[in-house]
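Report on the structure
This is what each chain is made of:
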Amino acid sequence: MGKKQWSIVDGYLPPKNKGEADNYQGHECVLILNRNTQDAHCTIDIYFEDRPPYKGIQFTAPAERISTFYTHDETLFGEVGLGRMVQYSMYITSDVEVVVQYGRMDVNQDNLAYMVTLGYGE
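Conventions adopted
Residues numbered from 1 in each chain as written. Predicted model: local features only at pLDDT ≥ 70, side-chain atom pairs only at ≥ 80, totals over all residues. Heavy atoms only, no water. Helix = DSSP H or I, 4+ residues; strand = E, 2+ residues; numbered from the N terminus. Buried < 20%, exposed > 50% of the residue type's maximum accessible area, 1.4 Å probe, protein only. Contact = heavy atoms within 4.5 Å. Areas by Shrake-Rupley, 256 points an atom, 1.4 Å probe, with all protein chains shown as cover. Pairing = 2+ DSSP bridges. Patch = residues over 30% accessible without salt bridge, like charges linked within 9 Å, V, L, I, M, F, W, Y side chains within 5 Å. Salt bridge = Lys/Arg side-chain N within 4 Å of Asp/Glu carboxyl O. Core = buried A, V, L, I, M, F, W, Y, C linked by side-chain atoms within 4.5 Å. Phe/Tyr/Trp six-rings, centres within 6.5 Å; stacked < 30°, edge-to-face > 60°. Lys NZ or Arg CZ within 6 Å of the ring centre and 35° of its normal.

Observations concerning the overall build of the protein chain
Regarding its fold elements, the protein chain presents one helix and eight strands. Listing every helix and strand of the protein chain by position from the N terminus yields β-β-β-β-β-α-β-β-β. Each of the 122 residues in the protein chain was classed as buried or not, and the buried ones make up 37%. When contacts within the protein chain are restricted to residue pairs at least 6 apart in sequence, long-range pairs at least 24 apart make up 70% of them. Surface summary for the protein chain: the accessible area is close to 7200 Å², and the carbon and sulfur share equals 46%.

Comments concerning the environment of Thr117
Along the chain, Thr117 falls in strand S7 (residues 113-118). Each C-alpha atom of the pair Thr117 and Tyr102 lies 5.4 Å from the other, and the pair is 15 residues apart in sequence. Ignoring anything within four residues of it in the chain, the contact list for Thr117 reads Gln101 and Tyr102.

Some remarks on the pairing of strand S4 (residues 54-61)
The two faces of the sheet receive side chains in turn, since in a regular strand these alternate between them. Across six bridges, strand S3 (residues 40-48) lies against S4 in antiparallel orientation. Residue pairing in the sheet places Ala40 in a bridge with Ala61 of S4. Between the end of S3 and the start of S4, which pair antiparallel, lie five residues.

Structural notes on a nonpolar patch on the surface
A surface patch of nonpolar side chains, amounting to about 310 Å² of accessible area, comprises Met1, Leu33 and Ile66. Within the element layout of this structure, Ile66 appears in strand S5 (residues 65-70).

Some words on the nonpolar core
Counting residues in hydrophobic clusters, the biggest one holds 24 residues, and the most contacted among them are Ile32, Ile44, Ile46, Phe69, Phe77, Met90 and Ile92. Listed by contribution, the elements that provide at least two residues to this core are strand S2 (27-34), S3, S4, helix H1 (74-77) and strand S6 (87-106). Examining the composition of this core, we find that eight residues originate from one element, S6, more than from any other.

Re the packing of aromatic side chains
Enumeration over the complete set of coordinates arrives at two aromatic pairs. Consider the rings of Phe69 and Phe77, whose centres lie 5.8 Å apart with planes at 45 degrees: the pair is tilted. Each member of the pair, Phe69 as well as Phe77, carries the same accessibility label: buried. Feature note: the residues Phe59, Phe69 and Phe77 constitute an aromatic cluster, connected by ring pairs. The ring of Phe48 carries Arg51 above its face, with NZ or CZ at 3.6 Å from the centroid.

Describing unusual backbone geometry
Phi at Glu64 is positive, roughly 50 degrees, even though this residue is not glycine. As for its position among the elements, Glu64 is in the loop between S4 and S5.

Observations concerning the environment of Lys55
Tracing the backbone shows Lys55 in strand S4. Given the relative accessible area of 53%, Lys55 is considered exposed. Residues Lys55 and Val80, 25 residues apart in the sequence, show an inter-C-alpha distance of 9.1 Å.

Okay, here's the thing in structure tokens:
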């Protein structure tokens, strides 16, 4: 179950806070379900509107686990310069079949929005 190639086209890290009155923080995350008995070795490429892509970010999704990474995680995306309110797309490949899901919490308006979608997989 799953695919080895996934695309998340509408990446966009929203503002962290609308105001000081709430405790919600804008974020986006990618979840990888690895049902295999071996680790999934993934490569993440980031594509932008106005600059060349950043390719080759390595991520391991442990066997028989769900793995989550946040795009504001500087240990994974520090060199990319993936700042808030920057439009981008993400291409993820894996050496074994996995399922990739994307979620975003946007607190930029009074009624916060949470969006979840599966990536496009082949």
